[in-house]
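Survey of secondary and tertiary structure
As a plain string of letters, each chain reads:
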Amino acid sequence: ATWSLDVRTIATGWIQVFGAIAAALGMYYVGTAVGDTEGSGARGFYASTVAGRIFIFITFCYLVSQKFVEQQLILLAVLNLVSAVSMYYSLQR
């Protein structure tokens, strides 16, 4: 038996969640490249996670507010915001 996935059964909101995560990962790659170019090494990656996690927070809150996804996604949104704030303060030291 061949396994297959019928994409018509995936809710649009969850496709948007995946898109937001993919965009954030893209931010991490760009931040890493910029950090390497500037000679700051891994700090560029860490800084880009702040922007990426804030982006995820905003996007997830929007998707929940528009009822594209379930309310439980707010938990992941808040965890990402807390992580972004924590990383931001760690980078300030």
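Our subject is the structure listed above.
What you see is a predicted model, and the numbers here were worked out from it, not measured in a lab.

Right, let's get into the packing of aromatic side chains. Inspection of every chain in the model, using the stated rule, returns four aromatic pairs. Between the aromatic rings of Tyr28 and Phe45, the centroid separation amounts to 5.8 Å while the plane-to-plane angle is 80°, which identifies the pairing as edge-to-face. Linking Tyr28 in helix H1 (residues 12-38) with Phe45 in helix H2 (residues 42-65), this pair joins segments that are 17 residues apart in sequence. Consider the rings of Phe45 and Tyr46, whose centres lie 5.7 Å apart with planes at 65°: the pair is edge-to-face. Accessibility expressed as a relative area gives 32% for Phe45, which makes it partly exposed.

Unlike most non-glycine residues, Lys67 shows phi in positive territory, near 60°. The residue Lys67 is located in the loop between H2 and helix H3 (73-92) in this model. The exposed category is assigned to Lys67, whose relative accessible area is 70%.

Cut-off values and rules
- Residues numbered from 1 in each chain as written.
- Predicted model: local features only at pLDDT ≥ 70, side-chain atom pairs only at ≥ 80, totals over all residues.
- Heavy atoms only, no water.
- Phe/Tyr/Trp six-rings, centres within 6.5 Å; stacked < 30°, edge-to-face > 60°.
- Helix = DSSP H or I, 4+ residues; strand = E, 2+ residues; numbered from the N terminus.
- Buried < 20%, exposed > 50% of the residue type's maximum accessible area, 1.4 Å probe, protein only.

In short, the description is geometric, and any link to function would need to be established separately.
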